[in-house]
Amino acid sequence: MPNQKFADGEVVMGRWPGSVLYYEVQVTSYDDVSHLYTVKYKDGTELQLKESDIRSQSSFKHRKSQSSSSSPSRRSTSRSRSRSPGRPAKGRRRSSSQRREHKDDKKKTIQETNLALLVLVCLFCKPSENNTRRYNGEPDSTERNDTSCVILEQKLKPDLEIERVLEQYSLRPRKEEKKKEEIYSEKKIFETIKTIEKAASKTKELEFGGRIGTFVLIFFLPAAVFYLLLMCRQDDPSLMNFPPPLPALESLWEARVFGVFLLWFFLQALFSLLPIGKIVEGLPLSNGRKLQYRINGFYAFILTAAAIGTLLYFQFELHYLYDHFMQFAVSAAAFSVGLSIYLYIRSLKAPEEELAPGGNSGYFVYDFFTGHELNPRIGSFDLKYFCELRPGLIGWVVINLAMLLAEMKIYNQSTPSLSMILVNSFQLLYVVDALWNEEAILTTMDITHDGFGFMLAFGDLVWVPFVYSLQAFYLVGHPTAISWPVAAAITVLNCIGYYIFRSANSQKNNFRRNPADPKLAYLKFIPTATGKGLLVTGWWGFVRHPNYLGDIIMALAWSLPCGFNHILPYFYVIYFICLLVHREARDEYHCKQKYGLAWERYCQRVPYRIFPYIY
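The shown structure was predicted, so the numbers you read here are calculated from the model rather than taken from an experiment.

Enquirer: How should the overall build of the protein chain be read in this particular structure?
Expert: Secondary structure summary: the protein chain contains 20 helices and eleven strands in total. Counting all 615 residues of the protein chain, 45% fall into the buried class. Partitioning the contacts of the protein chain with sequence separation of at least 6, the portion at a separation of at least 24 is 73%. Summing over all exposed atoms, the protein chain offers an accessible surface of approximately 33,200 Å²; the carbon and sulfur share of this is 60%.

Here is the structure:
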């Protein structure tokens, strides 16, 4: 068995696969079975190289010293060349040695230019993961590499033709012309880099079924919301009763209802602009800039509760929401479509670095759905961040309260039913927790990766308030009585789910903020090339996404008070499982691209994704 020639931690020179260029690397480990060295480049890239592709730094320094010590005759030649004019004096012809020297100088210039171009090819056309190496870095698809190579070849082909003609006919430019050629060559290289970076920033891998899938979802999502609400209105909301009776089109729209919705939206916008709460910075953008956010969602919730309490004190009938529930849903959907159109139009003028990584495909339908601009702002007012937590999430609680009051009025009850109390309490806890931990949303993919388009606008303003309140809406038309022992068991289940959800998220957020915190000394993690660590103990050593597990358990607890007469109240559980499985698959892909070998080791340590011993 061959011995390990280079020690762990030793700094050596490693050859980049597919090229003749060597770069400074550090040996991290050695595999006795495959006899491959795992090395880390200065930019954090980790590769596995053969021993023949690694050389010591001393050998490179020795070669450099030899090449720098030129012979006396060569030094004298360079001095005579520097004193010679740009062209021969009148009446004199250059000797054959001078012509050879000038030709050699021209070849040297061409070789240096080709070397620079070779470096560009290595930087932008790295081999994909299908080769024998293993790449650890940011997401970089094979399609992106191929496109970059084609662009590079097309851009540089005219320059290579010019160099070939100059070499063939021994055209000798003057010194000034040579200087201009060098400047032009450098300018051409930088222009090529800019063109390649612009092409590489395009979204290559489309989600949600691509252009066709997103086109279908633009119409399917509103239809699904209206279908669920119409089914809840029926006396027998069975799946066999399809389609539900459709109301008259004129009954779905009322200007007064739309005005109330606008008043609600702009009231929440006003609360978010109040100078209360701390200001924090988000994660760095692609250009290194960090946006600032005011954290005052919980204060906005308190002000909203005070406003609702004042309306109830003056005997305002809040069950007006229940009586015009479909009209409110239509108003919210119409507003979200208008907002999505505005967002796409303004994104067309946004700089390239402000576009969303996942919504810059160049296809109108796909970019309109997923969101073209990452953080659209009007001054300091961030539209996406505002819609994520304010009008929809707080509106969810207000709708639940309206359903509770409607149940009491319809059935002449002095107190709401136990089922309605459980649904309102569980979901109120979830919303208050999200607003209290508002800062944690700044690290989610909705903020850091997804643009603000129809998907998030419709989801925040329509899907969250009108689908998440489905259990409360169902209980108004289909009251369900449960005993106290059953209510206690459901409460325990919800508490278990909430504990897993909150403790897992807190564990992750605390570790991200300060991994050296003595309180977190018991946690073990796998270091990565990005400088971050992957937790392998605690909740994140139990399953890869324990927060999703807590979400699903809570969703089940929210549906159980509705009984088992119909499957409709459990739509939220089914939807939530599908949503989280999709998010989990997307997280798995991005983490594998980002962390590389470290993520593979993490998956070996933590084999289960969401459900222990199942999935």
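Enquirer: Looking at this structure, I do not really get the nonpolar core. What am I missing?
Expert: As a rule of thumb, nonpolar side chains are buried together in soluble globular proteins. Ranked by size, the top nonpolar core spans 110 residues in total, and within it Met403, Trp463, Phe466, Tyr468 and Phe576 carry the most contacts. In terms of residues, this core owes the most to one element, helix 12 (residues 383–410), which gives 16 residues. The contacts of Met403, once residues within four sequence positions are left out, are Tyr322, Phe325, Met420, Ala472, Phe473 and Val476.

Enquirer: Just checking my understanding: could you explain the sheet that holds strand 3 (residues 36–41) for this structure?
Expert: Pairing between sheet strands relies on hydrogen bonds along the backbone, with the strands arranged either parallel or antiparallel. Strand order in the open sheet made by the five strands is 4-3-2-1-5, with antiparallel pairing throughout. Every interior strand has two partners, whereas the edge strands, strand 4 (46–49) and strand 5 (54–55), have only one. Relative to strand 5, strand 1 (residues 11–15) runs antiparallel, the two being bridged by two bridges. Across the sheet, the residue bridging to Met13 is Arg55, located in strand 5.

Enquirer: Looking at this structure, how should I read the side chain of Asn296?
Expert: Mapping Asn296 onto the fold places it in the loop between strand 7 (292–295) and helix 8 (297–313). Here the side chain of Asn296 touches Ile276 through a polar contact of 3.4 Å, landing on its backbone oxygen.

Enquirer: Quick question: what am I supposed to make of the packing of helix 13 (residues 418–436) against helix 17 (residues 484–513) here?
Expert: The relative placement of two packed helices is expressed as an angle between their axes plus a distance between the axes. At their nearest, the axes of helix 13 and helix 17 sit 11 Å apart, and the two run at 10° to each other. Of the possible angle classes, the one that applies to helix 13 and helix 17 is roughly parallel. Across the interface between the two elements, Leu418, Leu422, Phe426, Leu429, Tyr430 and Asp433 from helix 13 touch Trp484, Ala487, Ile490, Thr491, Asn494, Tyr498, Phe501 and Arg502 from helix 17. In terms of residue class, the contact of helix 13 with helix 17 is built from ten nonpolar, two polar and two charged.

Enquirer: Looking at this model, I keep getting lost on the UniProt feature "transmembrane region" (unreviewed entry) in the protein chain. Mind explaining?
Expert: UniProt's entry tags residues 208–230, 255–276, 297–316, 328–345, 456–476, 482–501, 522–543 and 563–582 with the feature "transmembrane region" (unreviewed entry), counted in the numbering of this structure. Annotation note: span residues 482–501, helix share 90%, strand share 0%, distance between end C-alpha atoms 26 Å. Counted over residues 522–543, helix gives 0% and strand 27%. Its end C-alpha atoms are 18 Å apart.

Enquirer: Just checking my understanding: could you explain the packing of aromatic side chains for this structure?
Expert: Each aromatic ring pair is characterised by the separation of its centres together with the angle its planes make. Enumeration according to the criterion identifies 41 aromatic pairs in this entry. Measuring from centroid to centroid gives 5.0 Å for Trp599 and Tyr602, while their planes differ by 35°, and the two rings are tilted. Of this pair, Trp599 and Tyr602 are both found in helix 20 (residues 597–605), three residues apart, which corresponds to roughly one turn of the helix. Put simply, the rings of Trp396, Tyr430, Trp463, Tyr468, Phe501, Trp558, Phe571 and Tyr575 pair up and form one aromatic cluster. Above the plane of the ring of Tyr363 lies Arg211, whose end atom (NZ or CZ) is 4.0 Å from the centre. Positioned above the aromatic ring of Tyr322 is the side chain of Arg233, whose terminal nitrogen or guanidinium carbon lies 5.0 Å from the ring centre.

Enquirer: It is not clear to me how the packing of helix 13 against helix 18 (residues 546–559) should be interpreted in this structure. Could you clarify?
Expert: Their axes nearest at 9 Å, the elements helix 13 and helix 18 cross at an angle of 155°. Classified by the angle between their axes, helix 13 and helix 18 sit roughly antiparallel to one another. Side by side, helix 13 and helix 18 meet where Val423, Phe426, Gln427 and Tyr430 of the first sit next to Asp551, Met554, Ala557 and Trp558 of the second. Of the residues that constitute the contact of helix 13 with helix 18, the class distribution is six nonpolar, one polar and one charged.

Thresholds applied
Residues numbered from 1 in each chain as written. Predicted model: local features only at pLDDT ≥ 70, side-chain atom pairs only at ≥ 80, totals over all residues. Heavy atoms only, no water. Helix = DSSP H or I, 4+ residues; strand = E, 2+ residues; numbered from the N terminus. Buried < 20%, exposed > 50% of the residue type's maximum accessible area, 1.4 Å probe, protein only. Contact = heavy atoms within 4.5 Å. Areas by Shrake-Rupley, 256 points an atom, 1.4 Å probe, with all protein chains shown as cover. Core = buried A, V, L, I, M, F, W, Y, C linked by side-chain atoms within 4.5 Å. Pairing = 2+ DSSP bridges. Polar contact = N/O pair within 3.5 Å; in protein donor to acceptor, adjacent residues only side chain to side chain. Axes fitted to C-alpha atoms, helices over the stretch in contact; angles between N-to-C directions. Parallel < 35°, antiparallel > 145°, perpendicular 65-115°, else oblique. Nonpolar A, V, L, I, M, F, W, Y, C, P; charged D, E, K, R; others polar. UniProt positions renumbered as here; feature names shortened; annotations may be inferred. Phe/Tyr/Trp six-rings, centres within 6.5 Å; stacked < 30°, edge-to-face > 60°. Lys NZ or Arg CZ within 6 Å of the ring centre and 35° of its normal.

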